[in-house]
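# Structural characterization, general
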Amino acid sequence: MDITIGHNARQRRFDPLLADAPALDAADPAYLEAVDERGAAAGVARFAAFDAASPDAVWGALRRHELDLRVAGEDPAPALGRILDQWLQGLAERERPGDADSSARVNVPSRDIALVRALTERGFSPNGIRAVRPRPRGTAAAAPVLPIALDGGRVRIATVDDAPALGALDARLLALDAHFASVTERPGAAGMFAEAYRSRLRAAPDTTWVLERPGRITGFVHVMPDAASPEPGTLALADSGGQYLVVMYLDESERGSGTGAAFCEIAHALLDASGSPYTLLSYAVANPRSGPFWSRMGYRPIVTEWQRRPAVLAV
Ligand SMILES: CC(C)(COP(=O)(O)OP(=O)(O)OC[C@H]1O[C@@H](n2cnc3c(N)ncnc32)[C@H](O)[C@@H]1OP(=O)(O)O)[C@@H](O)C(=O)NCCC(=O)NCCS
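Scope of this entry: the structure provided in the associated data block.

So, how was this worked out
- Residues numbered from 1 in each chain as written.
- Predicted model: local features only at pLDDT ≥ 70, side-chain atom pairs only at ≥ 80, totals over all residues.
- Heavy atoms only, no water.
- Salt bridge = Lys/Arg side-chain N within 4 Å of Asp/Glu carboxyl O.
- Helix = DSSP H or I, 4+ residues; strand = E, 2+ residues; numbered from the N terminus.
- Buried < 20%, exposed > 50% of the residue type's maximum accessible area, 1.4 Å probe, protein only.
- Core = buried A, V, L, I, M, F, W, Y, C linked by side-chain atoms within 4.5 Å.
- Near = heavy atom within 4 Å.
- Areas by Shrake-Rupley, 256 points an atom, 1.4 Å probe, with all protein chains shown as cover.
- Nonpolar A, V, L, I, M, F, W, Y, C, P; charged D, E, K, R; others polar.
- Expected span 1.5 Å × (residues − 1).
- Arc of directions from axis to C-beta.
- Contact = heavy atoms within 4.5 Å.
- Pairing = 2+ DSSP bridges.
- Polar contact = N/O pair within 3.5 Å; in protein donor to acceptor, adjacent residues only side chain to side chain.

So, about the pattern of salt bridges. Oppositely charged side chains are able to pair whenever their charged atoms sit close together. Going through the model one piece at a time under the given rule, you end up with 22 salt bridges. R10 is the salt-bridge partner of D112, the closest N and O atoms lying 2.7 Å from each other. With a gap of 102 residues between them, D112 in the loop between strand 4 (102-109) and helix 3 (116-120) and R10 in helix 1 (residues 3-14) connect regions that are remote in the sequence. This pair shows no difference in class: D112 is buried, exactly as R10 is. Measuring nitrogen to oxygen at the nearest pair gives 2.9 Å for the salt bridge that ties R70 to D68. Judged by its relative accessible area of 25%, D68 is partly exposed. Each of R154, R156, D162 and E212 takes part in a single network of salt bridges with overlapping partners.

The next subject is the nonpolar core. Counting 24 residues, the largest nonpolar core has V155, W209, V221, L245, M248, F263 and W294 as the members making the most contacts within it. Put simply, the parts of the chain that give this core at least two residues each are strand 5 (125-134), strand 8 (208-213), strand 9 (216-225), strand 10 (243-250), helix 6 (259-273), strand 11 (278-284) and helix 7 (290-296). Sorting elements by how many residues they give to this core places helix 6 first, with 6 residues. In this structure, A34, L80, V106 and F124 belong to the second largest nonpolar core, which totals 23 residues.

Around the ligand there are 19 residues in total, and L250, G256, G258, G260 and A261 lie nearest to it. Surface burial for the ligand is 66%, taken as the share of its 920 Å² of free accessible area covered by protein chains. Listed by contribution, the elements that provide at least two residues to the shell around the ligand are helix 4 (163-177), strand 10, helix 6 and helix 7. Of all the elements, helix 7 adds the most residues to the shell around the ligand, at 4 residues. Of the residues in the shell around the ligand, the class split is 8 nonpolar, 7 polar and 4 charged.

This part is about helix 5 (residues 189-203). Over its 15 residues, helix 5 runs 21 Å from end to end, which matches the ideal 21 Å to within 8%, given 1.5 Å per residue. Within helix 5, burial applies to A189, F193, A194, Y197 and L201. Along the long axis of helix 5, the arc covered by the buried residues comes to 130 degrees, so they all point the same way. Of the exposed residues in helix 5, those oriented more than 90 degrees away from the buried face are R202 and A203. In this structure, the buried residues of helix 5 make contact with helix 4, strand 8, strand 9 and strand 10.

With respect to the helices and strands, A158 occurs in the loop between strand 7 (153-157) and helix 4. Considered as a pair, A158 and L201 are 43 residues apart in the sequence and their alpha carbons are 7.5 Å apart. Those residues in contact with A158 that sit more than four places away from it in its chain are L166, L201, P205, T208, W209 and V210.

Further remarks concern the pairing of strand 2 (residues 39-49). Here strand 1 (residues 31-35) runs beside strand 2; their pairing, made up of 5 bridges, is antiparallel. By the bridge assignment for strand 2, A34 is matched with A41. If you look at the hairpin formed by strand 1 and strand 2, you'll find 3 residues sitting between the two strands. Bridge count between strand 2 and strand 3 (residues 63-73): 11 bridges; the pairing is antiparallel. Bridge assignment links A48 to a residue of strand 3, and that residue is R64.

As for its position among the elements, S102 is in strand 4. You can call S102 buried: its relative accessible area is 0%. Within the structure, the side chain of S102 is placed 2.7 Å from the backbone oxygen of D99, a separation counted as a polar contact. Excluding anything up to four places from it in sequence, S102 contacts A61, R63, E95, R308, R309, P310, A311 and V312.

Function cannot be inferred from these measures alone, as they are strictly geometric.
The following block contains the structure:
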């Protein structure tokens with residue numbers, strides 16, 4: 001059985017919105033493979049280390065192990081279990097048990113539920129969901145004209161001068177999401193975020209919208225082209241040319257009264273009118289607000305990131 005062909009056939013059956021995966025390099029020293037009568041699994045183990053002061057350090061542990069996975073056949077779960085065990089054995093030799101700045105991650109199609117038990121039985125939990133909202137059919141072509149009134153405030157396009165305020169709000173989102181072990185608070189995050197917004201707002205000035213009350217910004221939505229999305233290692237979509245909703249955040253004072261839904265609808269109307277065929281985003285599975293909110297906004301899971309953090313559990 002050719003694992004890549006089998007993998008792509010299986011994946012298409014579960015989710016036609018995912019792109020076919022390329023073949024893995026079987027000559028790679030980090031290549032793992034297991035085959036039995038009912039299924040097959042292969043993977044290449046990858047590793048990246050980050051300095052605590054680097055901008056990427058906030059996106060998880062400092063030492064990140066990933067398995068680029070392919071599965072094929074009617075029942076690939078036992079084969080998957082075998083390559084997971086080989087991979088984890090290798091990690092046990094490299095990582096300190098209990099080190100929360102080490103992680104092991106695997107991205108799988110959300111709908112391939114046959115793989116779940118092989119992961120949970122080895123201590124992985126669902127960490128992040130990548131969700132997609134295809135552009136609804138029959139969308140009106142006219143974009144809302146900004147600024148636009150919203151619940152006594154106004155929504156306008158962000159400017160470079162908003163970068164420090166956006167950096168500060170994003171640091172609060174980071175602190176919130178850090179509860180879920182998907183990201184990590186690091187010193188200086190707000191300043192690094194502000195710097196990133198400064199350059200993004202210069203490069204793409206019309207893809208960030210703020211909710212403004214007199215004298216302050218109380219929320220924002222920030223998107224960028226999916227092709228420039230900051231998430232390495234995830235599974236690609238079959239379609240291209242969409243937008244990635246990087247952040248939506250509202251101050252506590254704005255939450256729970258429908259403002260978020262209305263703000264999101266404004267952003268969607270702008271994106272739909274721009275012809276973006278889909279919008280993607282990621283959220284933490286354990287964030288109790290995220291799943292319900294984004295599902296109501298028209299998103300559905302496409303890729304689930306499973307994580308063990310620490311990579312080697314303390315015994
Ligand atoms: C997630 C977030 C953007 C949603 O915005 P929001 O304004 O709180 O969302 P809404 O008010 O539209 O919807 C949230 C709740 O308000 C309720 N609601 C909606 N309209 C309402 C109205 N007119 N009156 C009263 N309640 C209303 C909704 O039913 C929902 O209630 P439920 O969760 O109990 O079912 C915002 O809460 C936020 O920024 N949170 C912090 C960051 C975060 O957790 N982000 C997760 C997404 S990655």
